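Observations on the model geometry
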Amino acid sequence: MSTTRTGETGSRRRWLIPGLCVAFAAAYAAVFLAHGRPLAATIGAAVMLAYAAVLVVFSRRSEAVALLREDGRDERRAMITGRASATTLSVLVVLSLAMVFVQLVRGVEPGPWGVFCGVGGLTFIVAIVYHSRRY
Amino acid sequence: MRNDVRELRAAKGLSQQALGQALGVSRQTINAIEQGRYDPSLPLAIRMARYFGRAVEEVFHVDDEDR
């Protein structure tokens with residue numbers, strides 16, 4: 001009947017997002033350096049490292065930052081994260097559909113926008129079926 | 001949905017932080033429940049009621065507009 005995630009799992013999860021930011025910083029630096037762009041490598045890595053630092057430093061002072069860090073999720077925070085994710089996905093779906101129509105009007109193939117819409121629509125249908133049977 | 005969480009917490013001399021820790025939720029979640037901005041799940045509502053030694057319906061009160 002637990003409505004929160006605590007203990008070792010929660011502690012590990014607290015460091016997951018900052019750790020991913022550091023990994024992305026290293027990846028950005030490596031990719032840009034491989035293409036001979038040291039300035040872009042520095043800026044890309046610095047932005048990701050700064051974001052990780054903000055998450056670590058301010059997650060105890062700001063609930064919004066704590067949510068971005070997935071710090072100590074309880075049922076309300078899980079709801080907020082779910083709604084924020086749904087809002088984000090809605091914007092991406094509208095943008096992708098708009099871009100598909102723009103591409104079609106321009107007389108070219110939708111390309112990645114069409115793939116994104118197709119995968120998104122299929123995922124939504126599968127998710128609806130799965131969750132309607134589970135709950 | 002109205003509730004008496006703030007009064008019950010104050011009667012025990014607890015901070016929102018302490019109550020949150022006892023129930024395994026954040027201080028902000030306790031604050032949101034007290035202000036009526038967030039209705040807890042049934043498991044959390046039961047845990048809260050048990051913590052205060054009350055029945056759920058003694059802590060949480062359904063308004064007509066909630067129906």
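The text that follows walks through the structure, step by step, so that each part is easy to find. (Residues numbered from 1 in each chain as written. Chains lettered and ligands numbered in written order. Predicted model: local features only at pLDDT ≥ 70, side-chain atom pairs only at ≥ 80, totals over all residues.)

Glancing now at the overall build of chain A. A tally of regular secondary structure across chain A gives six helices and zero strands. Judged by the C-alpha coordinates and their principal axes, chain A covers about 55 × 50 × 20 Å. Counting only contacts in chain A whose residues sit at least 6 apart along the sequence, the fraction spanning at least 24 positions is 39%. (Helix = DSSP H or I, 4+ residues; strand = E, 2+ residues; numbered from the N terminus. Contact = placed C-beta atoms within 7 Å.)

Here we take up the overall build of chain B. Within chain B one finds five helices and two strands. Sequence-ordered secondary structure for chain B, helices as α and strands as β, is β-α-α-α-α-α-β. Scaling as 2.2 N^0.38, a compact globule of 67 residues should have a C-alpha radius of gyration of about 11 Å, and chain B matches this with 11 Å. Each principal axis of the C-alpha atoms in chain B carries an extent, and together these give about 30 × 25 × 20 Å. Scored against the burial criterion, the 67 residues of chain B give a buried share of 30%. Looking at chain B alone, contacts between residues at least 24 apart form 52% of all its contacts between residues at least 6 apart. (Rg over C-alpha atoms; globule rule 2.2 N^0.38 Å. Buried ≥ 20, exposed ≤ 12 C-beta atoms within 10 Å, placed from the backbone.)

Turning next to the environment of B:Ala32. Along the chain, the position of B:Ala32 falls in helix 3 (residues 27-34). Judged by local crowding, B:Ala32 falls into the partly exposed class, with 19 C-beta atoms found within 10 Å. With residues up to four places along the chain from it excluded, the contact list for B:Ala32 reads A:Arg76, B:Arg37 and B:Tyr38.

A word on the nonpolar core. Grouped together as the largest cluster of nonpolar side chains are 12 residues: B:Val5, B:Leu8, B:Leu19, B:Leu23, B:Val25, B:Ile30, B:Ile33, B:Leu44, B:Ala45, B:Met48, B:Val59 and B:Phe60. Counting only elements with at least two residues in this core, the list comes to helix 1 (5-12), helix 2 (16-23), helix 3 and helix 4 (42-51) of chain B. Ranked by residues supplied to this core, first place goes to helix 4 of chain B with three residues. Once residues within four sequence positions are removed from consideration, B:Leu19 is found in contact with B:Arg9, B:Leu14 and B:Ile30. Within the second largest apolar cluster, eight residues are counted, among which are A:Tyr28, A:Met48, A:Ala52 and A:Leu55. (Core = buried A, V, L, I, M, F, W, Y, C linked by C-beta atoms within 7 Å.)

What follows is about the packing of helix 5 (residues 75-105) of chain A against helix 6 (residues 112-134) of chain A. Residue and element names in this part refer to chain A. Running from N to C, helix 5 and helix 6 cross one another at 135°; their axes reach a closest spacing of 8 Å. When the axes of helix 5 and helix 6 are compared, the pair comes out oblique. Of the two possible hands of crossing, helix 5 and helix 6 adopt the one that is left-handed. Of the residues in helix 6, those touching helix 5 at Val93, Ser96, Leu97, Met99, Val100 and Gln103 are Trp113, Gly114, Phe116, Cys117 and Gly120. When grouped by side-chain class, the residues that make up the contact of helix 5 with helix 6 number seven nonpolar, four polar and no charged. (Axes fitted to C-alpha atoms, helices over the stretch in contact; angles between N-to-C directions. Parallel < 35°, antiparallel > 145°, perpendicular 65-115°, else oblique. Left-handed = near helix turned anticlockwise from the far one by under 90°. Nonpolar A, V, L, I, M, F, W, Y, C, P; charged D, E, K, R; others polar.)

Now for the environment of A:Ala27. Mapped onto the fold, A:Ala27 is located in helix 2 (residues 16-34). Spatially, the C-alpha atoms of A:Ala27 and A:Ala45 are 8.1 Å apart, while their sequence positions differ by 18 residues.

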